[in-house]
Amino acid sequence: HKAAFEKAGILHRDLSFHNTVLIGDGDDERGILIDWDLSRSLTSVDTGDARVRGRTGTWQFISHALLQHPTKKHSIEDDLESSFWTLLWTLLHYVPSNLQTIELVHVMGRVFDECSWNFPCGYYEGGTAKQLVFTNGFKGTTDYYLSFPHAPPLDQLIQSLADLFEPWVYYSAQLLRNEEKALAKARNNATGPSTTLSNVLKSDHVIKLFDDALASPGWPARDVVENLIGKIPRHAPHSNSKPKRSSDFEGVSTAKIQRRSGTADAGSSLRLQT
């Protein structure tokens, strides 16, 4: 992702769980970022057809700013923030934590599936809970304290990434305010310099935090990976029956169809809304 952006001027625009693939084995294992069909060059990323809700990523991993303002120009910061949501979504699904299954389901609905229909604008929006995770903390947003007792470096990584992205929340809000001011000046034929803010996030900032966490002591002797959530209806009546442990996330082909469909552009959140 860093090489594509810095060397070729390309934004992936769909960092997500299913688009991050591990290949190889043991010390030879490495990651590959796949599915570049939504990518855009920096010179074309702000064109009209590049700002369509159904073609700007997978709902659960889209940045808070893009969910709140779907017509916003997609930036490197939005992609980098998606890497945080990909990490957190994956950990909550597959790595044991202090949260129980029903609490995990609540978190997924509160943070990742938040969705409402904006009638005046005619599109789905969300991202408020994601924003609060950065400004108010995980517990302040979900009422649950999150930790991974068997792998403390994960706690370090999540907290350091959240601290990194917190200023971006205020930065992106300032960008939108500046855009509104510029539009107001244009309508009133006003003159005068407009405020320009420089990027505050770079790929190296995120990569360093991952490297620091990987180099920290406290990792378990073996990986513990299992599906912890399963297919639990988000708004179904309480049941004492034990749910099966199978992934509740859609397959790649289904997700691609939804991203290209104007009637299913919010993914699973659209089904919740319906």
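Please refer to the structure placed before this passage.
Residues numbered from 1 in each chain as written. Predicted model: local features only at pLDDT ≥ 70, side-chain atom pairs only at ≥ 80, totals over all residues. Heavy atoms only, no water.

A. Just the layout of surface pockets, in detail. Estimated volume of the largest pocket: approximately 1600 Å³. When residues of the lining of the largest pocket are traced back to their parent elements, those giving at least two are strand 2 (20–23), strand 3 (30–33), helix 3 (76–94), helix 6 (152–187) and helix 7 (203–214). For the lining of the largest pocket, the per-class residue count stands at 23 nonpolar, nine polar and four charged. (1 Å grid on protein atoms, 1.4 Å probe; cavity = no way out; pocket = protein on both sides within 12 Å on 5 of 7 lines; lining within 4 Å. Points joined across faces, edges and corners; volume = space filled by probe spheres on them. Helix = DSSP H or I, 4+ residues; strand = E, 2+ residues; numbered from the N terminus. Nonpolar A, V, L, I, M, F, W, Y, C, P; charged D, E, K, R; others polar.)

B. Seen up close, the pattern of salt bridges. Under the definition given, this model contains four salt bridges. Between aspartate 204 and lysine 2 there is a salt bridge, with its nearest N and O atoms 3.0 Å apart. Remark: lysine 2 occurs in helix 1 (residues 2–8) and aspartate 204 occurs in helix 7; sequence separation between them is 202 residues. As a salt-bridge pair, aspartate 212 and lysine 208 come within 2.8 Å of each other at their nearest N and O atoms. A residue pair is termed a helical-turn pair when its members lie 3 or 4 positions apart in one helix, as aspartate 212 and lysine 208 do in helix 7 at four residues. Linked through salt bridges whose partners overlap, the residues forming this network are Lys2, Glu6 and Asp204. (Salt bridge = Lys/Arg side-chain N within 4 Å of Asp/Glu carboxyl O.)

C. Broad picture of the pairing of strand 2. Note: strand 2 against strand 3, four bridges, orientation antiparallel. Looking at the pairing, threonine 20 lines up with leucine 33 of strand 3. Here strand 2 folds back onto strand 3 in antiparallel fashion, the turn holding six residues, of which glycine 24 has a positive phi close to 90 degrees. (Pairing = 2+ DSSP bridges.)

D. How the structure looks around unusual backbone geometry. A positive phi angle, close to 70 degrees, is found at arginine 13, a residue other than glycine. As for its placement among the helices and strands, arginine 13 is situated in the loop between strand 1 (10–11) and strand 2. Assessed through its relative accessible area of 4%, arginine 13 is described here as buried. At aspartate 143, a residue that is not glycine, the phi angle is positive and equals roughly 75 degrees. Its location among the elements puts aspartate 143 in the loop between helix 5 (128–142) and helix 6. On the basis of relative accessibility, which here comes to 61%, the residue aspartate 143 falls in the exposed class. (Buried < 20%, exposed > 50% of the residue type's maximum accessible area, 1.4 Å probe, protein only.)

E. Spatial organisation of the packing of aromatic side chains. In total, this model carries twelve aromatic pairs according to the counting rule given. Plain terms: the ring middles of tryptophan 117 and tyrosine 124 are 4.7 Å apart, the flat faces sit at 70 degrees to each other, and that makes the pair edge-to-face. Residue tyrosine 124 is classed as buried on the basis of its relative accessible area, which comes to 11%. Aromatic ring contacts, followed pair by pair, group Phe84, Trp85, Phe112, Phe134 and Phe165 into a single cluster. (Phe/Tyr/Trp six-rings, centres within 6.5 Å; stacked < 30°, edge-to-face > 60°.)

F. Up close: a negative patch on the surface. A surface patch of negative charge is lined by Asp25, Asp27, Asp28, Glu29 and Asp223. Tracing the chain through its elements places aspartate 223 in the loop between helix 7 and helix 8 (252–260). Note on aspartate 223: relative accessible area 67%, which makes it exposed. (Patch = residues over 30% accessible without salt bridge, like charges linked within 9 Å, V, L, I, M, F, W, Y side chains within 5 Å. Areas by Shrake-Rupley, 256 points an atom, 1.4 Å probe, with all protein chains shown as cover. Lys, Arg positive; Asp, Glu negative; His and termini not counted. Charge placed at Lys NZ, Arg CZ, Asp CG, Glu CD.)

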